[in-house]
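Coordinates in review
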Number of protein chains: 2
Amino acid sequence: MSRTLISDCLNKIGQKVTLSGWVSNVRDHGQIAFIDLRDWSGNIQVVTQEKLDLGKEWVVEIEGLVKNRDQKSINSKVALGNIEVETTKITVLNKSETPPFPLDSDGTELEENLRLKYRYLDLRRTRLSDIIKKKHKYILAVRNWMDQNGFTEIITPLLTTSSPEGARDFLVPSRIHKGKFFVLPQAPQQFKQLLMVGGVDRYFQIAPCARDEDPRADRHAGIFYQIDIEISFPTIDILFGVAEKLMQDTVSLIAPQKKIANFPFPRITYTDAINKYGSDKPNISFGLELQDITTLLKNKTDFNVFNNADVIKTIVVTGGGNFTKSQIEKLEELAKEKGAKGLAYTKVISNKLDIGISRFLNPEIQKDIIKNLQAKDGDLLIFVADSLNTANKSLGYVRNYLGNLLKLTDPNLLSFTWITGFPFYELNDQGKLDFGHNPFSMPKGGLASLDSQDPLTIESMQYDLTLNGFELASGSIRNHEPETMVKAFEKVGYGRDEVIKKFGGLYNAFHYGAPPHGGWAIGIDRLLMILLDESNIRDIYAFPLSSNGVDVLMGAPGQVNQQQLDDLGISIVNGKTVQKINK
Amino acid sequence: MSRTLISDCLNKIGQKVTLSGWVSNVRDHGQIAFIDLRDWSGNIQVVTQEKLDLGKEWVVEIEGLVKNRDQKSINSKVALGNIEVETTKITVLNKSETPPFPLDSDGTELEENLRLKYRYLDLRRTRLSDIIKKKHKYILAVRNWMDQNGFTEIITPLLTTSSPEGARDFLVPSRIHKGKFFVLPQAPQQFKQLLMVGGVDRYFQIAPCARDEDPRADRHAGIFYQIDIEISFPTIDILFGVAEKLMQDTVSLIAPQKKIANFPFPRITYTDAINKYGSDKPNISFGLELQDITTLLKNKTDFNVFNNADVIKTIVVTGGGNFTKSQIEKLEELAKEKGAKGLAYTKVISNKLDIGISRFLNPEIQKDIIKNLQAKDGDLLIFVADSLNTANKSLGYVRNYLGNLLKLTDPNLLSFTWITGFPFYELNDQGKLDFGHNPFSMPKGGLASLDSQDPLTIESMQYDLTLNGFELASGSIRNHEPETMVKAFEKVGYGRDEVIKKFGGLYNAFHYGAPPHGGWAIGIDRLLMILLDESNIRDIYAFPLSSNGVDVLMGAPGQVNQQQLDDLGISIVNGKTVQKINK
């Protein structure tokens, strides 16, 4: 008899079935035993009167009759809790050693590397199989949505050349062309632009991106995936509209309990984001905005910290009046992590400022502050007086902490926000002019602005999409003019020859009828983390690299033999320095 | 006004539209000029009375009125030949240098590396944009079919360890763990088996496979893609049924003119395939079967070539009686390419054998042969007398040539065939026992047959799917028992420790409730080549590596700098031998 999936048993009440799956548990009641049987589709209770020698995770085939349970045995908390299977025959297909950890929890209580070593067992737990199922359903829904909206999925090369996405490249030594290397793509950026030049109207790809970075909490080590799109003859509204509609039409498929906060997604400028939220990926779903009160306070008091600072910024923490000293110290600690020298505070009590720095503020200033900030009794005011950059960064960091602490964020609210107006250039740590973000973006005003404007004032036609305080996507209207491209790179120190050498494919292509084009890429892993309320990005992958960037299950990376190195014309450097780093 | 795609103009007759695209051609008739405008969706004729300075492949935006053409101007050979756009405004968005080759042909007349260097132009030709569109539609259809049939797409790692698929690995040096290497997967074989152990019921993936082989005509250099599936608790009929139904339900989407020859697909054994067609990937859609006439001819004549051979095999070439001497010499040449010492022949004329070797055959033998082979007047008989292997291989090769020459194959007939019963082991070139095919397949009879049978007689539970003489897919019921796995590898010289070292992940997993499982992988590129009547596998890719394994557009593989090598702890071997190979 052909096999029935457990979930189909609901349609087979009163019928004989053959089930195949794993023994989750056996409860032996003497005359009768209950087996919890699991397959990919679900779990079911199996009743048998046979004397059994069965262990957890053994693989069995069960023939039996699907029956309604007695009224008193119905378990309404589980999917098939109203039925059970009365066995006629049980066949052991394979045994199992005792699993090194239980599979009936969500697994987060376990040491992660142990779970990863036995990932094939870990994947049997419901939380992880649910992620796999939903990830599949979601990505397929994205693909179909893209297709229905005129996009063509096109696979771009995995063996390619370096692209300046800002991360380190993974190299692949060439055997046929010894001494040369392929590079795993950090993103399909150049290829998708070449596709636009090739006449493709709307491209997309669920694209692997390889970046040899030190492992991070919010990015999978080595390879991660993005929904990568590019559109020719675009407008900003078309580009934004595609992302907005895509999210609107797909997120509810796997996260029906989540609602999109605002549609179309709000847009704020980079400058506003930094000044009001202290972050270029702000969560704007709650207040606690940063306010500049420099003019109110600088040189108006004897408090030299205020008088010596470029700016004084504050957050009115509604209801923070009952914060303890140690809670406020925690806020200061966070501010210091981001470079602030300290965090001043005071509270609004009986329409006056009290405790903290209130002793430096005369009644009139207190009144001004309370009025200007519209602060109320029971509010806590916190201040950072510093350079603008440090004040924003440190208060922005404290703001995010407060948002969580005060439960101002609703996990079922999806607060998408566009950030626009990024600076095209910025000064890097060495004080040298560098690209602010994507060097392939069009500078606002094109060649003319490059020719005439102070580079630090030029805006990029780049935009980010944030979701609940995470950077979800980044995109831009591209630079499609070869001379604008050369000029943009010249400003940061590349000569024309170097541009041609590094990006010759694109540079040449732009001479043959390149259309205006633009696009974006959405990080799938981060989106799924948020939609599925998962906090560990590795669990979005069936077989992730560990937090240390290794595959503990398969033993990668591993040793290779001398013949393989000889074939590639490379050798391992055994110098002492390297040896030391190895440890 | 928002942009209209050219193909949508059919629905906009009498309306004003804005089109964006490329100038394919300009025909200037003095008072009036015709522009052939192209975008991703199609081509349309644009009529203008403006004096224009436009070149081929310039990017333009055109505003105008969609009109029916005069009756006498209708071109029924092209899609939008009954309409045209009368311009009100033409804006040049970007110019183009003169393309290095024309774009209105199918491009096959051009030197391929030139096309690849300007791939962004090459992709504008209809043949290539059609491939891209159909490839997208096809793969999406496959994904949806899989989903509807209970399969879950699961992404497996790109940075992994070596797997014994028989090809060379691409290595990726690890920066964090210097001296160690990741490997790009040759196939997701081990991971998909681990997924089965992990409880996944039906897995699939459009999977990239990386093999560092010298470029081949029928496999894309470096990376190629397969439809990879795996099913737990399978039967052969389930596995075959999935492939058959998938093909039946999807191929017509992009190749409606093609018909599946036989459904369900015929199954023949490996032994029959070799003996009757001289190939393990035979095209069985035409006859010309190999016949063994050793008993009829060996030691029955004075012809020593026959008497000294192990076997004498023949093909009756229906209608080959009119082949010229040079045509027959061509056949002999082909047979020799595959190791035959020669190719004997004769013809059936007036119910007797004439010319060629007929002088060695007395009338009675001639009669026997004609009767046994059911040969007819006008037939050509060709013979190879040799070892069984050489006779099969050489005649199989000649048979394929004859199939094409005599137009016995219908390009619109899809002749799918399963090949079963492969030998589990075979002797390699050094006469040593080796795996015949996939080492992860279950040997028929399992551990018992490994223990008791002559290894060379053990069948594998492996099967191939061929299509019109090409190997399309390969699969098997897997070995899921650790002791059977160890024993299978021991026979070819691996110790238990070595098996555990090389395949420890899988070996360990098999101890924790591994279900019986099996699957296959279909080569997408080759399938698309056949469905789209394309002869160059590289044209199935938007950006292929060249026949020499390089990316001539982006310049990959390329040089890297010393810092990158230092970061990875590797160096390039500069020995003289390597230098020589570099040139």
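Thresholds applied
- Residues numbered from 1 in each chain as written.
- Chains lettered and ligands numbered in written order.
- Predicted model: local features only at pLDDT ≥ 70, side-chain atom pairs only at ≥ 80, totals over all residues.
- Helix = DSSP H or I, 4+ residues; strand = E, 2+ residues; numbered from the N terminus.
- Buried ≥ 20, exposed ≤ 12 C-beta atoms within 10 Å, placed from the backbone.
- Core = buried A, V, L, I, M, F, W, Y, C linked by C-beta atoms within 7 Å.
- Contact = placed C-beta atoms within 7 Å.
- Least-squares fit on C-alpha atoms with pLDDT ≥ 70 in both.
- Domains from an automatic or database assignment.
- Pairing = 2+ DSSP bridges.
- Axes fitted to C-alpha atoms, helices over the stretch in contact; angles between N-to-C directions.
- Parallel < 35°, antiparallel > 145°, perpendicular 65-115°, else oblique.
- Left-handed = near helix turned anticlockwise from the far one by under 90°.
- Nonpolar A, V, L, I, M, F, W, Y, C, P; charged D, E, K, R; others polar.

On to the overall build of chain A. A tally of helices and strands in chain A yields 17 helices and 25 strands. Expressed as lengths along the three principal axes of its C-alpha atoms, the size of chain A is roughly 90 × 75 × 55 Å. For chain A, the proportion of its 583 residues judged to be buried stands at 46%.

Ranked by size, the top nonpolar core spans 265 residues in total, and within it Ile382(A) and Ile382(B) carry the most contacts. Contacts of Ile382(A), omitting those with residues within four sequence positions, involve Thr314(A), Ile315(A), Val317(A), Leu331(A), Leu343(A), Tyr345(A) and Val398(A).

Note on the identical chains: chain B maps onto chain A by a rotation of 180 degrees and an axial translation of 0.0 Å, with an RMSD of 0.1 Å. Here the symmetry operator amounts to a two-fold rotation axis. Looking at the interface residues of chain B, 99% of them are also at the interface in chain A, so both copies use one shared face.

Here we take up the domain arrangement of chain A. By the assigned domains, chain A splits into domain 1 (6-94) and domain 2 (286-408). Averaged C-alpha coordinates put domain 1 of chain A and domain 2 of chain A at centres separated by 62 Å.

For the rest of this paragraph, the subject is unusual backbone geometry. The linkage connecting Ala556(A) with the following residue, Pro557(A), adopts the cis geometry, with an omega of 0 degrees. Of note, Pro557(A) is situated in the loop between α15 (524-531) and α16 (562-568). The phi dihedral of Ser350(A) falls on the positive side, at around 50 degrees, and the residue is not glycine. Along the chain, Ser350(A) falls in the loop between β15 (344-349) and β16 (352-354). Unlike most non-glycine residues, Gln374(B) shows phi in positive territory, near 50 degrees.

In spatial order, the strands read β1-β2-β3-β5-β4 (chain A); together these five strands close into a barrel with mixed pairing. In this sheet, adjacent strand axes meet at a mean angle of 55 degrees when their direction is disregarded.

Attention now goes to the packing of helix α9 (residues 325-337) of chain B against helix α11 (residues 388-405) of chain B. Residue and element names in this part refer to chain B. Running from N to C, α9 and α11 point in directions that differ by 135 degrees, and their axes come no closer than 8 Å. Here α9 lies oblique to α11, going by the angle between them. The way α9 lies across α11 gives a crossing that is right-handed. Facing α9, whose interface residues are Leu331, Leu334, Ala335 and Glu337, α11 presents Ser394, Leu395, Tyr397, Val398 and Tyr401.

This part covers the interface of chain B and chain A. Size of an interface: often given as the accessible area lost when the parts come together. Taken together, the contact pairs 99 residues of chain B with 98 residues of chain A. For the side of chain B that touches chain A, the element with the highest residue contribution is helix α3 (residues 126-148) of chain B, accounting for seven residues. Here the side of chain B that touches chain A is composed, by residue class, of 53 nonpolar, 29 polar and 17 charged. When strand β25 (residues 570-572) of chain A meets strand β25 (residues 570-572) of chain B, the two strands line up antiparallel, connected through three bridges. Following the sheet pairing, Ile570(A) is matched in β25(B) by Ile572(B).

Further remarks concern the environment of Val26(B). All names here are of chain B. Along the polypeptide, Val26 turns up in strand β1 (residues 16-28). Overall, Val26 belongs to the partly exposed group, with 17 C-beta atoms counted inside 10 Å. Linking Val26 and Leu37, residues eleven residues apart in sequence, is a C-alpha distance of 9.0 Å. The residues contacting Val26, other than those within four sequence positions of it, are Ala33, Ile35, Leu52 and Leu54.

Residue and element names in this part refer to chain B. One open sheet holds the eight strands; their spatial order is β6-β9-β10-β24-β23-β22-β19-β12, and the pairing between them is mixed. Two strands lie at the open edges of the sheet, namely β6 (152-153) and β12 (267-269), each paired on one side alone. Direction of pairing for strand β10 (residues 222-232) relative to strand β24 (residues 517-523): antiparallel, over a ladder of seven bridges. Note that in β24 the partner of Ile229 across the bridge is Trp520. Lying over the sheet, helix α5 (residues 236-254) contacts β10, β19 (416-420), β22 (462-467), β23 (470-477) and β24, oriented at roughly 25 degrees with respect to β24. Those strands touched by helix α15 (residues 524-531) are β10, β22, β23 and β24, and its axis lies near 50 degrees from that of β24.

With that out of the way, let us pick up the pairing of strand β10 (residues 222-232) of chain A. Residue and element names in this part refer to chain A. Burial runs high along β10: eleven of the eleven residues are buried. Direction of pairing for strand β9 (residues 202-211) relative to β10: antiparallel, over a ladder of ten bridges. For Cys209, the partnering residue across the bridge sits in β10 and is Phe224.

The subject of this paragraph is the environment of Phe170(A). With respect to the secondary-structure elements, Phe170(A) resides in the loop between β6 (152-153) and β7 (171-173). In this view, Phe170(A) contacts Val183(A), Leu184(A), Ala210(A), Asp212(A) and Val172(B); residues no more than four positions away in its chain are not counted.

Residues and elements named next belong to chain A. It is the contact of helix α4 (residues 189-197) with helix α14 (residues 496-509), at a shortest axis distance of 9 Å, that shows an interaxial angle of 20 degrees. With respect to α14, the element α4 is oriented roughly parallel. As α4 runs across α14, the sense of the crossing is left-handed. The residues of α14 that touch α4, namely those facing Gln190, Gln193, Leu194 and Val197, are Phe503, Gly505, Leu506 and Ala509.

We now examine α15(A). All names here are of chain A. Most of α15 sits out of view: six of its eight residues are buried. Looking at α15, one finds that the buried residues are Ile524, Asp525, Arg526, Leu527, Leu528 and Leu531. Those residues of α15 hidden inside the fold are in contact with α3 (126-148), β10, α5 (236-254), β23 (470-477) and β24 (517-523). Positive phi shows up at Asp533, right after α15, with a value of about 55 degrees.

This part covers α15(B). In an α-helix, one full turn covers 3.6 residues, which means residues spaced three or four apart are oriented alike. Residue and element names in this part refer to chain B. Within α15, seven of the eight residues are buried, which leaves the element mostly enclosed by the surrounding structure. All of the buried residues in α15 are Ile524, Asp525, Arg526, Leu527, Leu528, Met529 and Leu531. On the buried face of α15, the contacting elements are α3, β10, α5, β23 and β24.

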